[in-house]
Structure formats: C-alpha cells, structure tokens
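The lines below spell out each chain.
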Amino acid sequence: MAGTEQRDNGRGLWYGVAAYGMWGLFPLFWPLLEPGAADDILANRMVWSLVAVVLLLIAQRHWGWIRPLLRQPRRLAMLAGAATVISVNWGVYIWAVNAGHVVETSLGYFINPLVTIAFGVLVLKERLRGVQWTAVGIGAAAVVVLTVAYGQLPWIALTLALSFATYGLLKKRVGLSGLESLAAESAFMFPFALGYLVYLEVSGRGTFGHTVAGSYGWGHSGLLMLSGVITAIPLLFFGASAIRVPLTVLGLLQYLAPVFQFLIGVTVFHESMPPARWAGFGLVWAALALLTWDALRQVRADRAARAAAVPRPAPVEAAPEAVTR
C-alpha cells in the first residue's frame, strides 16, 4: 500500500510539472500565430477550447454535472463572471507576449499569490499571520520600485495578477473541477467569440481559413485550432496532479510557470533587464520565499498538532503468570 501511494504521488508530481511547464512555455507558442492579431488569436482560442473540451467530455462520458449546474443560477452567474475575467487575462497575455513584454507577464504570475492573499483579507475576511503581512508589504514595495523602473505602473503584470486572482476566487466559490469549469466558461464565451470571428471575416481582418503568399499558409489555421488543445491539456494534467499530491506541493509547483516565462523573456526574446527592474523582481522573489517558508512551517505545525490530538492507547498491563503444577 505504501509503495502504491508513493508511486501515485510520484506520478502526481510529474503531472504537476507537466501542467505548469506547459503553461510556462506558452510564450513560445503565441508568436507562432502571427500575423493574426491578439483579438483574432483570442477569439479562435475561445472557440477551439470549447471544441477540445467537448471532445474530452465525450471521451470520458462525463456529463452528469451539467444538469444540476443549470438549476443553480447563482453558480451560473459566477461562471459567467469567471469566463469574463479569464477572457481579459487571456487577451492581455496574448497581446503582451506578441508585443514583446514576456518578462512583465511573468511578473504578473509571480505577484499573483500576493494579490490572492490580499483578496483573502479584503473579500473573504481572512486573518493573516505576521510573515504574510510582511510578504504583502514587500510585494507592494516591489510594485513601487518597478513603477519607477518602467516609468509607469506595470499595468500588464497588475492586470494579469488581478484578473487571475479574481478568476481563482470565483472558481473557488463555484466548486467545479478544472475540466468542468473550462467547459462551462468556454460555453459562455463561445457565442461571443464565434460572432467576433464572423465580424473579423466580414471586415477582412480574420486569418483563419486564409492563406497569404509569403506570409502564412494552411498551417496557420491548424495552429489556431491547436490553441484549443493546448488550453485543455494542461488542465487535465493539473487535475490529475491535484488529486495525487498535497496542496503545498501544488503551491510550490505554481512558480514553475512564471520562472519559465521569465527565462524565455530574458534568454529567448532578449528583453532588457536594467538594475532597477532586477531590484523589483528581487523584492517579489523575496516576498514569495517568505510565503513559501511560512506555508511549509504552518504545514509542519498543523501535522504536529494533529499528531498530538490523536489519543494514545492506554498501556496494557501484563497478565499474571500462570501457576505451574
């Protein structure tokens, strides 16, 4: 049993690495969809995400969650809100990557845990420990330093962090799995995305199904369709990981994606990193290191408390020796 559980945890770890690794490599994919504009790419991603997720649901014969959901208007409203904010997140991310701001997109996902903590205090009325307050303060200082470094608020990073934190809050309240949530959100986005693709086609700005000599061919349309698949597959890996490894491990794995994005921005796209920008990122990393240390310390303390609360069996008195004859 112990060996089976260990192997399952090992698979879960690799599933998590695969999920966050794929998300971290996304900056290499979106430039392949040029000369499609960000709005064209986003609309195609929404449409083909629904196609991909429906095929996955058919393969798994996983439909039982839909009918109960349709009878809950409050959850449907929250899903519509989640679909809206993730559309903003996707759109800004695709535009930023193709406009040469990969490093700033990584910053958005680095500071996302800090924004999530702030949401916990402001929205859920959670109480923070001292170390968490310190980490949030360091994160706020990092935003100030980066504002000076950029000459303006790092709006791309802040938009990505705020939209994704809002998305996470709504998903937490809805309580659907990753695949179910993506299916519902894609269904909400689909009619708008499809209508926008029709508009792009009529206005002559759409690229799907077109070829332009010397610019792009049918492979471009194939890549646009693939955007739906690469949206769904990491979610499957994430779901498989989430049920096999502790949340603390998932919390640490989430940093893989922005690390990959940062490295791609610096080493592949050669984005500039002046000293002031390094200082701002250094503050963000210091805040995340504090959060990680505090989370691991809290896990150990909780385990010790649970172990102390388990009643120990009373010592068994030795039976009297039998009298020999």
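Here, the structure is the one placed above.
Let us look at the structure shown here. Here the structure is a predicted model, which is why all the values come from computation and not from measurement. (Residues numbered from 1 in each chain as written. Predicted model: local features only at pLDDT ≥ 70, side-chain atom pairs only at ≥ 80, totals over all residues. Heavy atoms only, no water.)

**Quick word on the overall build of the protein chain**
Summing up its helical and strand segments, the protein chain has twelve helices and zero strands in all. Moving toward the C terminus, one meets the helices and strands of the protein chain in the order α-α-α-α-α-α-α-α-α-α-α-α. The dimensions of the protein chain, computed from C-alpha atoms along their principal axes, are 110 × 50 × 35 Å. Of all 325 residues assigned to the protein chain, the portion counted as buried reaches 40%. Within the protein chain, residue pairs in contact and separated by at least 24 positions form 82% of the contacts whose partners lie at least 6 positions apart. Here the protein chain displays about 17,500 Å² of accessible surface, and carbon together with sulfur accounts for 68% of that area. Measuring between centres, the 23 positive side-chain charges of the protein chain sit 8 Å from its 15 negative side-chain charges. (Helix = DSSP H or I, 4+ residues; strand = E, 2+ residues; numbered from the N terminus. Buried < 20%, exposed > 50% of the residue type's maximum accessible area, 1.4 Å probe, protein only. Contact = heavy atoms within 4.5 Å. Areas by Shrake-Rupley, 256 points an atom, 1.4 Å probe, with all protein chains shown as cover. Lys, Arg positive; Asp, Glu negative; His and termini not counted. Charge placed at Lys NZ, Arg CZ, Asp CG, Glu CD.)

**Regarding the side chain of asparagine 112**
In this fold, asparagine 112 is placed in helix H5 (residues 102–122). Given a relative accessible area of 8%, asparagine 112 falls into the buried group.

**Some points on the side chain of serine 221**
Inspection of the secondary structure assignment puts serine 221 in helix H9 (residues 218–242). Judged by relative accessible area, which is 4%, serine 221 ranks as buried. Here the side chain of serine 221 touches glycine 209 through a polar contact of 2.8 Å, landing on its backbone nitrogen. Here serine 221 is in contact with Thr207, Phe208, Gly209 and His210, once residues within four sequence places are set aside. (Polar contact = N/O pair within 3.5 Å; in protein donor to acceptor, adjacent residues only side chain to side chain.)

**Quick look at unusual backbone geometry**
Cis geometry marks the peptide bond from glutamate 34 to proline 35, where omega comes out at 15°. As for its placement among the helices and strands, proline 35 is situated in the loop between helix H1 (2–29) and helix H2 (38–60). Look at arginine 61: it is not a glycine, yet its phi comes out positive at around 50°. Relative to the assigned elements, arginine 61 resides in the loop between H2 and helix H3 (66–70). Look at histidine 270: it is not a glycine, yet its phi comes out positive at around 55°. Note that histidine 270 resides in the loop between helix H11 (256–268) and helix H12 (275–309).

**Here's the deal with the pattern of salt bridges**
When charged atoms on two side chains of opposite charge get close, those side chains can pair. Evaluation of the coordinates by the stated rule reveals three salt bridges. One salt bridge connects arginine 205 with aspartate 39, and the closest N-O pair in it is separated by 2.7 Å. You can see arginine 205 sitting in the loop between helix H8 (178–203) and H9 and its partner aspartate 39 sitting in helix H2, a full 166 residues away along the chain. Of the residues examined, arginine 205 reaches a relative accessible area of 41% and is grouped as partly exposed. Residue classification places aspartate 39 among the partly exposed positions, given a relative accessible area of 22%. The structure contains a network of salt bridges with shared partners spanning Arg129, Asp294 and Arg297. (Salt bridge = Lys/Arg side-chain N within 4 Å of Asp/Glu carboxyl O.)

**Brief notes about the environment of leucine 57**
Mapping leucine 57 onto the fold places it in helix H2. On the accessibility criterion, leucine 57 (2% relative accessible area) is buried. Measuring from C-alpha to C-alpha, the distance between leucine 57 and leucine 13 comes to 24 Å, with 44 residues separating the pair along the chain. Not counting chain neighbours up to four residues away, the residues in contact with leucine 57 comprise His62, Trp63, Trp65, Leu179 and Ala183.

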